[in-house]
Amino acid sequence: MEKGILEMVGGEIIGIVSPVSICMLLVVLLVHTLTPHGSSTSVATIAMMIYNEQPNDSFVEKFKGGLLNAIVFVCIVMLVTFVLVGLFYFRFTKCLRVYMGFSAFTVLAWMGGIVAVELIQFFSIPIDIITFAICLVNFASVGVMAVFFCRMPIVLTQGYLVVIGMLVAFWFTKLPEWTTWILLVAMAIYDIVAVLAPGGPLNMLVELAIARDEDIPALIYEARPVLPRQISGPPPMSSSPTPARTRRWSNRRAPRNPGVGRGNSGSNSALDNLWTSNGQPTSLITEPPLAPEVGIIGSRLVSSTGDAGMLNSISTVVAGHQATESNVDEDTVPLVSHGTNNSSTAAALDGMESGMHFQGSDQGGSESEDEGLGLGVSGAVKLGLGDFIFYSVLVGRAAMYDLMTVYACYLAIIGGLGATLILLAVWRRALPALPISITLGVVFYFLTRLILDPFVVDLATHLIVF
Amino acid sequence: MEGEPVQTTAADTEWGRQTDVSSAGSLQWPTIDGPLGVYNEEAVKLAKSFYYGGFLLLPLLWFVNCFYFWPVLQHREAEPLIRRYVVKSGIGCVLFSVVLLAWALTFAFGGERLFGSYWKHLAIFDIDDKYGPA
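Note that the structure is predicted; figures quoted are calculated from it, not measured.

(A) Structural detail: the UniProt feature "transmembrane region" (unreviewed entry) in chain A. Those places that UniProt annotates as "transmembrane region" (unreviewed entry) correspond, in this numbering, to residues 12–32, 67–90, 102–123, 129–149, 154–172, 178–197, 407–427 and 433–452 of chain A. Across residues 407–427 of chain A one finds 100% helix and 0% strand; the C-alpha atoms that close the span lie 30 Å apart.

(B) Highlighting the nonpolar core. Counting 111 residues, the largest nonpolar core has Met-152, Tyr-391 and Ile-438 of chain A together with Phe-50 and Phe-69 of chain B as the members making the most contacts within it. Beyond its immediate sequence surroundings of up to four residues, Met-152 of chain A is in contact with Val-142, Met-145, Ala-146 and Thr-157 of chain A together with Asp-33, Phe-50, Leu-61, Val-64 and Tyr-68 of chain B.

(C) Local environment of the pattern of salt bridges. Residues and elements named next belong to chain A. All told, the structure shown has two salt bridges over all chains when counted by the stated rule. Across the pair Glu-177 and Arg-449 runs a salt bridge whose closest N-O atoms are separated by 3.1 Å. Taken together, the positions of Glu-177 in helix 6 (residues 177–196) and Arg-449 in helix 13 (residues 434–461) put the pair 272 residues apart, joining distant regions of the chain. By relative accessible area, Arg-449 is classed as partly exposed at 26%.

(D) Quick peek at the environment of Val-9 of chain A. Residue and element names in this part refer to chain A. Note on placement: Val-9 falls in helix 1 (residues 5–34). Using a relative accessible area of 17% as the deciding quantity, one classes Val-9 as buried. When the C-alpha positions of Val-9 and Leu-403 are compared, they lie 31 Å apart, and in sequence the two are 394 residues distant.

(E) Up close: the confidence of the model for chain B. Residues and elements named next belong to chain B. On average, residues of chain B score 73 in pLDDT, and 62% of them are at 70 or above. Averaged pLDDT values for the elements of chain B fall to 44 in helix 1 (residues 10–14) and rise to 91 in helix 3 (residues 59–68). For this predicted complex, the interface score ipTM comes out at 0.77, while the overall pTM is 0.73.

(F) Looking closely at helix 13 of chain A. All names here are of chain A. The sharpest bend along helix 13 measures roughly 45° and falls at Leu-452, with the proline Pro-454 sitting one to four residues further on. What helix 13 keeps buried is the set Leu-434, Pro-435, Ser-437, Ile-438, Gly-441, Val-442, Tyr-445, Thr-448, Asp-453, Val-456 and Leu-459. Positive phi shows up at Leu-463, right after helix 13, with a value of about 60°.

(G) Quick look at helix 2 (residues 59–89) of chain A. The end-to-end C-alpha separation of helix 2 of chain A is 44 Å, in line with the 45 Å expected for 31 residues at 1.5 Å each. Once helix 2 of chain A ends, the next one or two residues include Arg-91 of chain A, with phi positive near 60°.

(H) Structural detail: the packing of helix 6 of chain A against helix 11 (residues 385–399) of chain A. Residue and element names in this part refer to chain A. Where helix 6 meets helix 11, the closest approach of the two axes is 11 Å, and the angle between their N-to-C directions is 150°. Considering their axes alone, helix 6 and helix 11 lie roughly antiparallel with respect to each other. For the pair helix 6 and helix 11, the sense of crossing is left-handed. Contact residues: Glu-177, Thr-180, Trp-181, Leu-184 and Met-187 in helix 6; Phe-390, Val-393, Leu-394 and Arg-397 in helix 11.

(I) Structural detail: the side chain of Arg-397 of chain A. All names here are of chain A. Along the polypeptide, Arg-397 turns up in helix 11. For the buried Arg-397, which has no salt bridge, the nearest side chain bearing the opposite charge is Glu-177, at an N-O separation of 4.1 Å. Excluding residues that lie within four positions of it along the chain, Arg-397 makes contacts with Thr-173, Leu-175, Pro-176, Glu-177, Thr-180, Trp-181 and Tyr-445.

How each quantity is defined
All residue numbers refer to positions counted from 1 along the written sequence of the respective chain. For naming, the first written chain is A and the first written ligand is 1, with later ones following in the order written. A pLDDT threshold of at least 70 governs which residues receive local features in this predicted model, and a stricter bar of 80 or more applies before side-chain atom pairs are shown or counted, although totals over entire chains, interfaces and linings include all residues. As a rule here, side-chain values cover all heavy atoms of the structure and leave hydrogens and water aside. UniProt positions are given in the numbering used here, feature names are shortened, and annotations may be inferred rather than shown by experiment. Under the scheme used here, helices are H or I runs from DSSP no shorter than 4 residues and strands are E runs no shorter than 2 residues, and both carry numbers assigned from the N terminus. Residues grouped as a nonpolar core are buried Ala, Val, Leu, Ile, Met, Phe, Trp, Tyr and Cys residues, joined through side-chain atoms within 4.5 Å. Buried means the residue's accessible area, taken with a 1.4 Å probe over protein chains only, is under 20% of the maximum for its type, while exposed means over 50%, and partly exposed covers the values in between. In what follows, a contact means two residues having at least one pair of non-hydrogen atoms within 4.5 Å. Salt bridges are counted wherever a side-chain nitrogen of Lys or Arg sits within 4 Å of a carboxyl oxygen of Asp or Glu. As a per-residue measure, pLDDT tells how confident the predictor is, with possible values from 0 to 100. We define the bend at any residue as the angle between the axes fitted to the seven residues before and including it, ending there, and the seven starting there. A helix is expected to span 1.5 Å multiplied by its residue count minus one. Each axis is a line fitted through C-alpha atoms, and for a helix only the stretch in contact is used; angles between axes span 0 to 180 degrees, taken between their N-to-C directions. Here the angle decides the label: under 35 degrees means roughly parallel, over 145 means roughly antiparallel, 65 to 115 means roughly perpendicular, and every other value means oblique. Take the far helix as the reference: if the near one is turned anticlockwise from it by less than a right angle, the crossing is left-handed, and if turned clockwise, right-handed. Just so you know, the count uses Lys and Arg for positive and Asp and Glu for negative, and it drops His and the chain ends.

Structural data, given as structure tokens:
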């Protein structure tokens, strides 16, 4: 049945706002439970290499120290991103994937273990170490497999991505306060530069992936793609194996010509079949997720043209498949992994985030033209995990003050996300998703804390309102 | 339900699954993801690898196997190739969880009385106090 625009566009936006909200909610819960007034023990991370904030320092000292920390952090992030771009450029994909797998396992097992132990201590749950070890190893291993290596239920993959985002964000909230805020602003600025400037690493990554027509190794959350039309059934057993759900990106200015470069990609021909032979349902199926996917990779909102201009605000990425050697080993969510320390983690995540290309599609919107273009107006939305993390860090830090700031920052971030989507519709190129949300979030936090909070608290204590 | 191939329930159509008219009780999509999941040989390979992977002390893989191929479990005649592995994974998962749960509950409720001084050595928060960050 035909769905209206509102349902489809709304459905996709919900598909990306929900996991962001869930991640933020989980981080707020963790922060509220475990470290309601900031972390008592200072966590030694790269972000605090230069200056370790003490509560007694003066305002100027804290500011300068925080600024230094943030600059160092951004430099390290940039470095690691360039390294990753280099690895991608020289096609060390195996190396990248092993690195990513290892990092994700570290995040899930080590950080996850520490958070779990803190929670167990808080609630005094009598678990013994054997059970705990088994559960943790299971959780981490299946998580790594779900995100990187295997085809798993989509909810599982999405859930694990949200959990990874939550763990890294919770770790970042352990930084001291001034450093955190300055870091957020610095990351937003870095985001703009890295994506929009021609020499920026993320921009280069996007260009590389477009030029090569390959997957970007990146940590990307992908909402469930919505099918455009009724599928009748899988092809018979002997015919085709399930195509790998790799993500293909292409520039909107270089729309893929059906027939060009098809020789090596089975998926393309399948997509071709999709559009040239409308009446053959079987060819539709060789291309699971058929719907174009909206991409907001990482800090990039990639815009694409929707079909018939309907879905202009969201970028579409056709999940093409390549004739890969291994079916199980798919880059469904190729991932930039985190390093064993937080900064490189963030670097990697951030770097890869922007790797979102969007499926360039011709505007004409006619369905037969481009692959994925007119594949129905609905598609999955993708958002890079770095965005999840920094949004959650902002909200987590706001939770350390009061829940009022949490609400204000949450609304600001979601509003910023919506605004970025609109900008995406207008500009139709890779856009950073961090700056608007972070700016609004920071502004709202300070406004709420300095102006709204005393106002409301005074009114309440004097029993005037509320 | 399996004996009536042409019946389609509301739930089935909602998920895009309609029992095929031509073959009795056959299943359209073996995974819960429907058309977005794996099918055909891919599915068999995946089920097999999950089954063997679970023996590496990873019962969660067995659970994921059952969860992912839930439609295969539901329809008794569907996809015999996949069903072998999924059923065995299900049995393994249930067995392992029973054992694990029994042990965990014994530990939790037994406490000091049952284990004596060993209880302190095993409980997580005590270990964390001893070895964890100060």
